Amino acid sequence: MDFNEYYAEHLIKDRLADLYAEAQRDRLRRLARTPHRPLRVALGTALIKIGAWLLRDDYVSPSAL
């Protein structure tokens, strides 16, 4: 019976080590990846910038007053 408990403990430790290593790799992979913005956010930002550029002559900036 002692051999079976020892073997089970060995298997569990190996499995936990594999899971920890996989989690570490996954964390590093996510950190290395550049955060992406959804298309709708990028499109909305671009439309706001284009609108501000088109209206740049119609409005006086507060710093110019």
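Scroll up to find the structure.
Per chain, residues are indexed from 1 in the order of the written sequence. In view of the model being predicted, local features appear only for residues whose pLDDT reaches at least 70, and side-chain atom pairs are presented and counted only at 80 or more, with totals across whole chains, interfaces and linings using the full set of residues. Note that the side-chain values use all heavy atoms of the structure and ignore hydrogens as well as water.

Q: Looking at this model, I keep getting lost on the overall build of the protein. Mind explaining?
A: Here a helix means four or more residues in a row that DSSP labels H or I, a strand means two or more in a row labelled E, and each is numbered from the N terminus. For the protein, the count of helices and strands is two helices and zero strands. Here the globule rule is a power law, 2.2 Å times the number of residues to the power 0.38, and the radius of gyration is based on C-alpha atoms. Over its C-alpha trace the protein gives a radius of gyration of 28 Å, far above what one expects of a compact globule, namely 11 Å for 65 residues. With the C-alpha coordinates of the protein rotated into their principal frame, the extents come out at 85 × 25 × 15 Å. A buried classification covers 0% of the 65 residues belonging to the protein. For accessible areas, the Shrake-Rupley method is used with a probe of radius 1.4 Å. Any residue's cover is judged against the shown protein chains and nothing else. Here the protein has roughly 6700 Å² of accessible surface; of this, 63% comes from carbon and sulfur atoms. His residues and chain termini do not enter the charge count, which takes Lys and Arg as positive and Asp and Glu as negative. A charged residue contributes its charge at one atom only: NZ of Lys, CZ of Arg, CG of Asp or CD of Glu. Across the protein, the centroid of the 11 positively charged side chains sits 13 Å from that of the 9 negatively charged ones. Exposure is judged per residue with a 1.4 Å probe applied to protein chains only, and the accessible area is read against the type maximum: over 50% gives exposed, under 20% gives buried, and values in between give partly exposed.

Q: What's the story with the packing of aromatic side chains in this structure? I'm lost.
A: Given two aromatic rings, one states the distance between the centres and the angle between the planes to describe the pair. Ring geometry is summarised as follows: Phe, Tyr and Trp rings, the Trp one being its six-membered ring, pair when their centres sit within 6.5 Å, and such pairs are stacked at plane angles under 30 degrees, edge-to-face over 60 and tilted between the two. Applying the stated criterion across every chain yields a total of zero aromatic pairs. Criterion for a charge above a ring: Lys NZ or Arg CZ within 6 Å of the ring centre, and within 35 degrees of the ring normal. Across from the ring centre of Trp53, 4.4 Å away, lies the NZ or CZ of Arg56, which sits over that ring.

Q: How do you make sense of a nonpolar patch on the surface when you look at a structure like this?
A: Where nonpolar side chains cluster on the molecular surface, the patch consists of Leu43, Leu47, Ile50, Trp53, Leu54, Leu55 and Tyr59 and spans about 800 Å² of accessible area. Structurally, Leu55 can be placed in the segment after helix H2 (39-54). Residues enter patches when they are more than 30% accessible in relative terms and free of salt bridges; like-charged ones are connected within 9 Å and nonpolar ones (Val, Leu, Ile, Met, Phe, Trp, Tyr) within 5 Å. Take a side-chain nitrogen of Lys or Arg and a carboxyl oxygen of Asp or Glu: if they are within 4 Å of each other, that pair is a salt bridge.

Q: What exactly am I supposed to notice about the pattern of salt bridges here?
A: Here the idea is simple: oppositely charged side chains can pair when their charged atoms come close. By the definition in use, this model includes three salt bridges. Across the pair Asp26 and Arg29 runs a salt bridge whose closest N-O atoms are separated by 3.4 Å. Residue Asp26 and its partner Arg29 are located together in helix H1 (residues 2-32), separated by three residues, close to a single helical turn. Here Arg30 and Asp26 are joined by a salt bridge, their closest N and O atoms 3.3 Å apart. Here Arg30 pairs with Asp26, and both are found in helix H1, just four residues apart, close to one helical turn. For Arg30, a relative accessible area of 47% gives the class partly exposed. One salt-bridge network, in which partners are shared between bridges, spans Asp26, Arg29 and Arg30.

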